[in-house]
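Coordinates in review
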Amino acid sequence: MKLPSIPGAVLDFGTQAFRRFVDVEGAQQATVLSAQAFTSLIPFLVVGSAFGPGDEDLADRINDRFDLHGNAARSVEALFADSGEVESAVTWVSIVILILSATSFTRALQRMFERAYGTEPLGWSKAWRGLVWLGAFSLFVVVSSPLRETLEGVAGIVFAIGVSTALGFVVWLGTPLILLGGMDWRRLVPGALVSAVLGALLSVASGIYMPILVTWSADKYGLIGIAFSIQSWLLTASFVVVVGAVVGAIASERFAPHLERLGRRRAGEAAA
């Protein structure tokens, strides 16, 4: 049997990925994810930053992340309450409500992975997986931001981006493992790799266009302009997540027979 040429194989793979993206309503999934992140995940991170270690709140992290100064930085600080105001306003009841609200984002993320990989819906009986993911993601946010800044200062931005890509791979390998459960981690490797690389590219691009966009939006529209800028970034990031999951699902389906043969071979070698 004649093997397809590399351009033909790439075209066939891209066609399959595009069809899967359309089948799972990828654009709608990304829109839902970004909206849920803005209304549920960001408030959760605001409170988490206020009660977490260190003196930085979420506004400080956003300003540092996108290198915002002047009017743009002041607008971001005005949009998000500082740590002292958050701590004084938060009660145990509001924390419980906030966590339950944040699980709406994890449910949307879980449904997106279920559709991309064609797995059976887990339902609300597995809602605890969303809580586990929230805890792991909060820890990642706390650790990754200062780590990236330290690496940029010590080893340069290229090395920092490489480490960020590696961390992104871990995040997007662990996320579907936690939210879906029971899946072979090898099926998730292609999607985690694609998401990590696209996330690194988005990180580089964000450092260029976000300061310009946020500054322009703050000058022209004020606080609502900052909100629009953050929402547009979240939408772009959500597309990265959906595309990574779709491409990873197609790749895992193509390579699944090879992985199964490799597994049987290793099992036979171990038995011998």
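Refer to the preceding data block for the structure.
Rules used throughout
- Residues numbered from 1 in each chain as written.
- Predicted model: local features only at pLDDT ≥ 70, side-chain atom pairs only at ≥ 80, totals over all residues.
- Heavy atoms only, no water.
- Helix = DSSP H or I, 4+ residues; strand = E, 2+ residues; numbered from the N terminus.
- Buried < 20%, exposed > 50% of the residue type's maximum accessible area, 1.4 Å probe, protein only.
- Contact = heavy atoms within 4.5 Å.
- Areas by Shrake-Rupley, 256 points an atom, 1.4 Å probe, with all protein chains shown as cover.
- Axes fitted to C-alpha atoms, helices over the stretch in contact; angles between N-to-C directions.
- Parallel < 35°, antiparallel > 145°, perpendicular 65-115°, else oblique.
- Nonpolar A, V, L, I, M, F, W, Y, C, P; charged D, E, K, R; others polar.
- Polar contact = N/O pair within 3.5 Å; in protein donor to acceptor, adjacent residues only side chain to side chain.
- Phe/Tyr/Trp six-rings, centres within 6.5 Å; stacked < 30°, edge-to-face > 60°.

1. Here's the deal with the overall build of the protein
The helix and strand inventory of the protein stands at 10 helices and 0 strands. Along the chain direction, N to C, the helices and strands of the protein fall in the order α-α-α-α-α-α-α-α-α-α. The buried share among the 272 residues of the protein stands at 38%. Looking at the protein alone, contacts between residues at least 24 apart form 77% of all its contacts between residues at least 6 apart. Only carbon and sulfur atoms are counted for the fraction: they give 68% of the accessible area of the protein, which is about 14,800 Å².

2. Some words on the environment of Thr103
Positionally, Thr103 belongs in helix H6 (residues 92–117). Each C-alpha atom of the pair Thr103 and Leu131 lies 6.8 Å from the other, and the pair is 28 residues apart in sequence. In this view, Thr103 contacts Leu131 and Leu134; residues no more than four positions away in its chain are not counted.

3. So, the packing of helix H4 (residues 70–79) against helix H9 (residues 185–221)
Remark: H4 packs on H9, axes separated minimally by 8 Å, with the N-to-C direction vectors making an angle of 75 degrees. As judged from the angle between their axes, H4 and H9 are roughly perpendicular. Of the residues in H9, those touching H4 at Asn71, Ala72 and Ser75 are Val214, Thr215, Ala218 and Asp219. Partitioning the contact of H4 with H9 into residue classes produces 3 nonpolar, 3 polar and 1 charged.

4. Quick word on the side chain of Ser206
Relative to the elements of secondary structure, Ser206 occurs in helix H9. Among the residues examined, Ser206 registers a relative accessible area of 0% and is labelled buried. Here the side chain of Ser206 touches Leu202 through a polar contact of 2.6 Å, landing on its backbone oxygen. What Ser206 contacts, discounting residues up to four positions off in sequence, is Arg65, Phe66, Pro211 and Trp233.

5. Describing the packing of aromatic side chains
Aromatic ring pairs: the centre-centre distance and the angle between the two ring planes describe each pair. Tallied over the full model, the rule gives 5 aromatic pairs. Measuring from centroid to centroid gives 5.8 Å for Phe105 and Trp133, while their planes differ by 40 degrees, and the two rings are tilted. Here Phe105, found in helix H6, pairs with Trp133, found in helix H7 (residues 128–155); they are 28 residues apart in sequence, far enough to count as distant. Look at Phe105 and you get buried, because its relative accessible area is 9%. With a relative accessible area of 4%, Trp133 lands in the buried category. Aromatic side chains Trp216 and Tyr221 sit 5.8 Å apart centroid to centroid with 80 degrees between the ring planes, which places their arrangement in the edge-to-face category.

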